[in-house]
Amino acid sequence: MNPLAMMMFLTSLAIGTTITLSSHHWLLAWIGLEINTLALLPIMTKTPHPRAIEAATKYFLTQATASALMLFSCLINAMQAGEWDINTPSNLMTNSLSIAIMMKLGLAPMHFWLPEVLQGISLVTGLILSTWQKIPPMILLFQISHNINLSLTVILGLTSVLIGGWGGIGQTQIRKIMAFSSIGHLGWIITILKLNPQLSLFNFILYTIMTTAMFLSMIMLSATKMSQISTSWTKNPALTTTTMLVLLSLAGLPPLTGFPPKLLIIMELIKQNMFISATLIMLASLLTLFFYLRLTYIIALTLSPNTHNSTIWRTPTKPWLVFSIINTMALTLLPLTPAILLT
């Protein structure tokens, strides 16, 4: 793709995100989301492959459906309340609006588009879709969290954690695994949204950091399948080791960055006397833990017989400083958790 065109599309993404984040008006927030969607479509199809075109079509249809439902909900609210202010949604439109935003995020049971879309696009575009594109809808959910239905968030959150783990177990494609991982993590975030929005925001920030680190690792290893990961040790042992640790961090194992949000969410659910929900979400997360451990096993304990025992590591020139900072944050933020939560 022409660098000038790519810069224009990325600028449009930034403008759409900024409009949504800074708006107090539902129509402006909707316009920002639409700019985001339309700017990402050409980036998806920069490689003119049938899978990329199919992924862009599925993404467009899903986002258009969610946008139509969102605009309909906003119009109903404007008719009832006589204003478009984001902080005053009526009870009637909050549920439909929440469902529309959750469809944009890819939460279960509106998740079917996400694995297929991620599988059809490049790793760089997948990184944008899994992190940047989640920011505007999540911020809108945080803004209406005080009016959102608790039963809706808990049921959809538990369903997402279960689907995220169950769907990822039989996958061999890294991008599909990351899609189901995203569904599972968003389930944790949504479950606690009504009870503690600050904790949800903390979890979302750590999810973004860990997912960015994982996608950057896959980009640097040029790996899209499990079989390619198993041969990465001879290419770059240090990068392969950090990739394995980032996977364990995504699984939520201590003492890595992914552990504190899960611990704090379980503690918050227990504090709210939601013992059944806490038990179910912990059991459902065991499914997710299984496929993360399977990936880690493939990296650490298997070695393809076709690889050579070369002592020269092939390390192409890439932005190692940015990657090192993101990886360090994805692994070592556990000691800083109390300080982050107090600020």
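Residues numbered from 1 in each chain as written. Predicted model: local features only at pLDDT ≥ 70, side-chain atom pairs only at ≥ 80, totals over all residues. Heavy atoms only, no water.

A. Local environment of the overall build of the chain. Counting its regular elements, the chain contains 16 helices and zero strands. For 343 residues, the compact-globule estimate of 2.2 N^0.38 gives 20 Å, and the chain sits close to it at 20 Å. Across its three principal directions, the C-alpha atoms of the chain cover 70 × 50 × 35 Å. Scored against the burial criterion, the 343 residues of the chain give a buried share of 54%. Long-range contacts, defined here as pairs at least 24 residues apart, represent 78% of the contacts in the chain between residues at least 6 apart. Carbon and sulfur atoms form 72% of the exposed surface of the chain, whose accessible area is close to 14800 Å². One way to put it: in the chain the 15 positive side-chain charges average out to a point 19 Å from where the 6 negative ones average out. (Helix = DSSP H or I, 4+ residues; strand = E, 2+ residues; numbered from the N terminus. Rg over C-alpha atoms; globule rule 2.2 N^0.38 Å. Buried < 20%, exposed > 50% of the residue type's maximum accessible area, 1.4 Å probe, protein only. Contact = heavy atoms within 4.5 Å. Areas by Shrake-Rupley, 256 points an atom, 1.4 Å probe, with all protein chains shown as cover. Lys, Arg positive; Asp, Glu negative; His and termini not counted. Charge placed at Lys NZ, Arg CZ, Asp CG, Glu CD.)

B. Expanded view of the nonpolar core. Ranked by size, the top nonpolar core spans 72 residues in total, and within it Leu40, Met44, Tyr59, Val117, Leu129 and Met218 carry the most contacts. Broken down by element, this core gets its largest block of residues, 12 residues, from helix H10 (residues 197-221). Ignoring anything within four residues of it in the chain, the contact list for Met218 reads Leu123, Ile174, Ala223, Ile229 and Thr243. By size, the runner-up hydrophobic cluster in this structure holds 30 residues, among which are Met70, Phe142, Ile148 and Phe204. (Core = buried A, V, L, I, M, F, W, Y, C linked by side-chain atoms within 4.5 Å.)

C. Structural context of the packing of helix H7 (residues 135-143) against H10. Between H7 and H10, the least distance of the axes is 11 Å, while the angle of their chain directions is 170°. Classed by the angle they form, the pair H7 and H10 counts as roughly antiparallel. Here Ile135, Met138 and Phe142 of H7 come into contact with H10, specifically with Pro197, Ser200, Leu201 and Phe204. (Axes fitted to C-alpha atoms, helices over the stretch in contact; angles between N-to-C directions. Parallel < 35°, antiparallel > 145°, perpendicular 65-115°, else oblique.)

D. Geometry of the packing of aromatic side chains. A full pass over the atoms with the stated rule returns three aromatic pairs. With centroids separated by 5.7 Å and ring planes inclined at 55°, the aromatic side chains of Tyr59 and Trp113 adopt a geometry described as tilted. Highlighted residues: Tyr59 in helix H3 (residues 50-81) and Trp113 in helix H5 (residues 113-120), separated in sequence by 54 residues. Residue Tyr59 shares its accessibility class with Trp113, and that shared class is buried. The ring of Trp188 is capped by Lys262, whose NZ or CZ atom sits 5.3 Å from the centre of that ring. (Phe/Tyr/Trp six-rings, centres within 6.5 Å; stacked < 30°, edge-to-face > 60°. Lys NZ or Arg CZ within 6 Å of the ring centre and 35° of its normal.)

E. A look at the UniProt feature "transmembrane region" (unreviewed entry) in the chain. Cross-referencing UniProt, the feature "transmembrane region" (unreviewed entry) maps to residues 26-44, 56-80, 92-114, 150-170, 201-224, 274-299 and 320-341 in the present numbering. Split by type, residues 150-170 is 95% helix and 0% strand. Its first and last C-alpha atoms lie 32 Å apart. (UniProt positions renumbered as here; feature names shortened; annotations may be inferred.)

F. Main features of the side chain of Thr212. Examined against the element boundaries, Thr212 turns out to sit in helix H10. Thr212 sits in the buried class, given a relative accessible area of 16%. Leaving out residues up to four positions away in the same chain, Thr212 has contacts with Leu127, Thr131 and Ile326.

G. Quick peek at unusual backbone geometry. A cis amide bond links Ala108 to the next residue, Pro109, at an omega of 5°. Among the structural elements, Pro109 can be located in the loop between helix H4 (91-105) and H5. The omega torsion across Pro254 and Pro255 is 0°, close enough to zero to call that bond cis. The topology assignment puts Pro255 in the loop between helix H12 (237-251) and helix H13 (259-271). Located in the positive-phi region is Ser222, a residue other than glycine, with phi close to 55°. By secondary structure assignment, the location of Ser222 is in the loop between H10 and helix H11 (226-230). Not every positive phi belongs to a glycine, and Asn273 is a case in point at roughly 60°. Residue class for Asn273 comes out exposed when judged on its relative accessible area of 58%.

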